[in-house]
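Descriptive analysis of the structure
Here is how the chains run, residue by residue.
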Amino acid sequence: MALDAVARRREAIAAAVREGLLGPEAPLVALLDVEGIRQAARELRDAFAGPAPVLHTFAVKAASLVPVLELLDAEGVGCEVASPGELELARAAGVAADRIVFDSPAKTVAELRDALASGIAVNADNPQELARLDALVAERRSAGQDAGAPVGMRINPQVGTGSIGAMSTATATSKFGVALRDEGAEEWITDSFAARPWLTRLHTHTGSQGVPLELMAESVRVVHELAERINQRAGRQQIDTIDIGGGLPVNFAGDETEPSFAAYADLLRRSVPGLFDGRYTIVTEFGRSLLAKQGFVAALVEYTKSAGGRRIAVTHAGAHVATRTAFAPEAWPLRVGAFDAEGAPKRTPEVVQDVAGPCCFAGDLVARERALPELEPGDVVALWDTGAYYFSTPFQYNSLPRPAVHGFGRDAAGRVRFSLVRPAQRMEELLADSGAAQRGALTGTAGAAGGPGRPVSSAAS
Ligand SMILES: *Cc1c(COP(=O)(O)O)cnc(C)c1O
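Residues numbered from 1 in each chain as written. Predicted model: local features only at pLDDT ≥ 70, side-chain atom pairs only at ≥ 80, totals over all residues. Heavy atoms only, no water.

All right, on to the overall build of the chain then. What the chain contains, in helices and strands, is 13 helices and 18 strands. The C-alpha radius of gyration of the chain comes to 25 Å, within 12% of the 23 Å expected for a compact globule of 461 residues. Taking all 461 residues of the chain together, 52% fall into the buried category. Long-range pairs, those at least 24 residues apart, make up 69% of the contacts in the chain between residues at least 6 apart in sequence. (Helix = DSSP H or I, 4+ residues; strand = E, 2+ residues; numbered from the N terminus. Rg over C-alpha atoms; globule rule 2.2 N^0.38 Å. Buried < 20%, exposed > 50% of the residue type's maximum accessible area, 1.4 Å probe, protein only. Contact = heavy atoms within 4.5 Å.)

Turning to the site of the ligand, a few remarks are in order. Around the ligand lies a shell of 15 residues, among which Lys 61, Ser 208, Gly 247, Glu 285 and Tyr 389 are the nearest. At 2.8 Å, a side-chain N or O of Lys 61 approaches an oxygen atom of the ligand. Backbone polar atom of Gly 287 to an oxygen atom of the ligand: 2.9 Å apart, as the coordinates give it. When isolated, the ligand has an accessible area of 390 Å², and the protein chains bury 94% of it. (Near = heavy atom within 4 Å. Polar contact = N/O pair within 3.5 Å; in protein donor to acceptor, adjacent residues only side chain to side chain. Areas by Shrake-Rupley, 256 points an atom, 1.4 Å probe, with all protein chains shown as cover.)

What follows covers the pairing of strand S16 (residues 380–383). The side-chain alternation of S16 yields two buried faces, one formed by Val 380 and Ala 382 and the other by Val 381 and Leu 383. Pairing of strand S11 (residues 295–307) with S16 involves four bridges; the strand directions are antiparallel. Residue pairing for S16: Ala 298 is matched across the bridge by Ala 382. Direction of pairing for strand S13 (residues 336–339) relative to S16: antiparallel, over a ladder of four bridges. The partner of Val 336 across the bridge, within S16, is Leu 383. (Pairing = 2+ DSSP bridges.)

This brings us to the pattern of salt bridges. By the definition in use, this model includes 32 salt bridges. Here Arg 8 and Asp 4 are joined by a salt bridge, their closest N and O atoms 3.1 Å apart. Of this pair, Arg 8 and Asp 4 are both found in helix H1 (residues 2–18), four residues apart, which corresponds to roughly one turn of the helix. Residue class for Arg 8 comes out buried when judged on its relative accessible area of 9%. What makes Asp 4 partly exposed here is its relative accessible area of 40%. Look at the salt bridges and you will find they share partners, linking Arg 9, Asp 255, Lys 293, Arg 335 and Asp 385 into a network. (Salt bridge = Lys/Arg side-chain N within 4 Å of Asp/Glu carboxyl O.)

For the rest of this paragraph, the subject is the UniProt feature "domain: Orn/DAP/Arg decarboxylase 2 C-terminal" (unreviewed entry) in the chain. Summarizing the sequence annotation, UniProt attributes the feature "domain: Orn/DAP/Arg decarboxylase 2 C-terminal" (unreviewed entry) to residues 294–387 in the numbering used throughout. Split by type, residues 294–387 is 5% helix and 46% strand. Its first and last C-alpha atoms lie 5 Å apart. (UniProt positions renumbered as here; feature names shortened; annotations may be inferred.)

Under the domain assignment, the chain is made up of domain 1 (48–286) and domain 2 (293–423). Each of domain 1 and domain 2 has a C-alpha centre, and the two are 34 Å apart. Listed by partner, the interface residues are 19 residues for domain 1 and 17 residues for domain 2. Both faces considered, domain 1 and domain 2 share a buried interface measuring about 1400 Å² in area, 63% of it formed by carbon and sulfur atoms. By the criterion of area lost to domain 2, the three top residues of domain 1 are Ala 62, Leu 65 and Phe 252, representing 42% of everything that side buries. Between Asp 255 and Arg 335 there is a salt bridge, with its nearest N and O atoms 3.0 Å apart. Where domain 1 packs against domain 2, one counts six residue pairs in polar contact (both at pLDDT 80 or more). When grouped by side-chain class, the residues that make up the side of domain 1 that touches domain 2 number 10 nonpolar, six polar and three charged. (Domains from an automatic or database assignment. Buried area = accessible area lost by both parts, 1.4 Å probe. Nonpolar A, V, L, I, M, F, W, Y, C, P; charged D, E, K, R; others polar.)

The subject of this paragraph is the packing of helix H7 (residues 185–195) against helix H8 (residues 213–234). Between H7 and H8, whose axes approach to 10 Å, the crossing angle comes to 45 degrees. Compared by their axis directions, H7 and H8 come out oblique. The chirality of how H7 crosses H8 is right-handed. Counted together, Glu 186, Ile 189, Thr 190, Asp 191, Phe 193 and Ala 194 of H7 and Leu 226, Arg 229, Ile 230 and Arg 233 of H8 form the full contact between these two elements. (Axes fitted to C-alpha atoms, helices over the stretch in contact; angles between N-to-C directions. Parallel < 35°, antiparallel > 145°, perpendicular 65-115°, else oblique. Left-handed = near helix turned anticlockwise from the far one by under 90°.)

Let's shift gears to the packing of aromatic side chains. All told, the structure shown has 12 aromatic pairs when counted by the stated rule. Feature note: the residues Phe 48, Phe 261, Tyr 264, Phe 276 and Phe 286 constitute an aromatic cluster, connected by ring pairs. The side chain of Arg 9 reaches across the aromatic face of Trp 384, ending 3.8 Å from its centre. A cation sits over an aromatic face here: Arg 324 above Trp 332, 5.4 Å from the ring centre. (Phe/Tyr/Trp six-rings, centres within 6.5 Å; stacked < 30°, edge-to-face > 60°. Lys NZ or Arg CZ within 6 Å of the ring centre and 35° of its normal.)

Topologically, Thr 171 is positioned in the loop between strand S6 (151–156) and strand S7 (178–179). When its relative accessible area of 17% is taken as the criterion, Thr 171 is described as buried. Polar side-chain contacts of Thr 171 include one of 3.2 Å to the backbone nitrogen of Ser 174. Leaving out residues up to four positions away in the same chain, Thr 171 has contacts with Asn 156, Gln 158, Gly 160 and Thr 161.

Once that is clear, we can look at the state of the cysteines. A full pass over the atoms with the stated rule returns zero disulfides. Just so you know, Cys 360 is unpaired, no disulfide at all, and the nearest cysteine sulfur is the one on Cys 359, 7.4 Å from it. (Disulfide = S-S within 2.5 Å.)

Our focus in this paragraph is H7. Where H7 is concerned, the buried positions are Ala 185, Ile 189, Thr 190, Ser 192 and Phe 193. The buried residues of H7 occupy an angular sector of 155 degrees when the element is viewed end-on, so they sit on one face. Facing away from the buried side of H7 by over 90 degrees, the exposed positions are Glu 187 and Ala 195. Contacts from the buried residues of H7 go to helix H6 (127–142), S6, S7, strand S8 (199–203) and H8. (Arc of directions from axis to C-beta.)

Counting 109 residues, the largest nonpolar core has Phe 48, Leu 202, Tyr 264 and Leu 291 as the members making the most contacts within it. A per-element tally of this core places H8 first, with 10 residues. Each of domain 1 (48–286) and domain 2 (293–423) accounts for three or more of the residues forming this core. Setting aside residues no more than four positions away along its own chain, Phe 48 makes contact with Val 54, His 56, Ile 244, Tyr 264, Ala 265, Leu 268, Arg 269, Phe 276, Thr 284 and Phe 286. Ranked by size, the runner-up nonpolar core spans 19 residues in total, among them Ala 16, Leu 31, Phe 339 and Val 416. (Core = buried A, V, L, I, M, F, W, Y, C linked by side-chain atoms within 4.5 Å.)

Here you go:
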């Protein structure tokens, strides 16, 4: 299966070069394996199938591209959103309100009101947010309406940290959720549920990459236990849904998909059997594990050089599409593929080299001292496993444009077919996003149109 994916992406690189999607006019392109996305969604569905009802959602931040959300929805995976922008993407993809979950640590009153009115499930992050929800629910009640949407509470079970601190959300002092083990917290939580019959869900998300499965399962176990205690006190199934978040790590070291959704689901079935007995609906929010291995960027090598005995290939893929790798290379290593100018795998002997991007800072490297076939100008490098949190979340450093994203698949005759998922950012768009229409705003020369700009020096004179 992994081999099949390797064959598909090789074909896609050769076809992208042939068709000019990658070339002098477009030295950087991002590609998504449509069959791979479908297969990942299938594996997720199969892993969690029955007997408990399940709503799978995709963490939109992992690949904020409307056609991807639409494809996943068609494959039975809705959306987890964490900002008004992400919510609009989910809506634009046609995802139904009851298949969307809204998590964010900073929801405004207006966002909460909109979510309730739209029937979009909300997980309250903290006591102040819960107080806002109280007021909104009261507002709806006085208008003769119910709460409008399922409301839950995000719990931080404080189980500990994974290997990447910045990705661990269930630490003792994490900014996310209600910290369960703090003094008096559990009592406050159970009292809060007792006082609010419309509060029906618990949510937890332990982290994102680098968190061991056992730690993730421990969070779910703790939250399930809490749900049981709340329900016992209520004397009914007040909590009907447990949202277990996402966070399944991705193997960036090879082509194998491990750990698999099946392995995680099996661990959960063993360590939290009560979660699966059908009394609770399970919500999942996986991001990286659904998309990372289904996408990659391919870039031309522009120049090669050497400095201090180090060989360096300067390519068009850098920090603008591989931001985490450039800024935190130890935590986010990427595998690099080397291809010739026709897009065929390079077979020349390996030499140790750096693979650099086009950005003007020294850390703009996507691989350091890596053994790869010796790269030459016109060759193509591929950054594998970048389908989540990479090109879909570009960083506009050096005013480098967002690259085009194309999906690829095979037609009935077995030929590679591309479909545009996101166009490359055009120069006009880049200018508009950089204040080109505000020219004159700071020099006072916009005054002809009644602009406020006036040189500071004239105020002083
Ligand atoms: C980021 C995030 C996810 C997805 O995490 P992955 O590691 O991409 O699976 C899920 N839920 C919440 C609340 C998140 O913040």
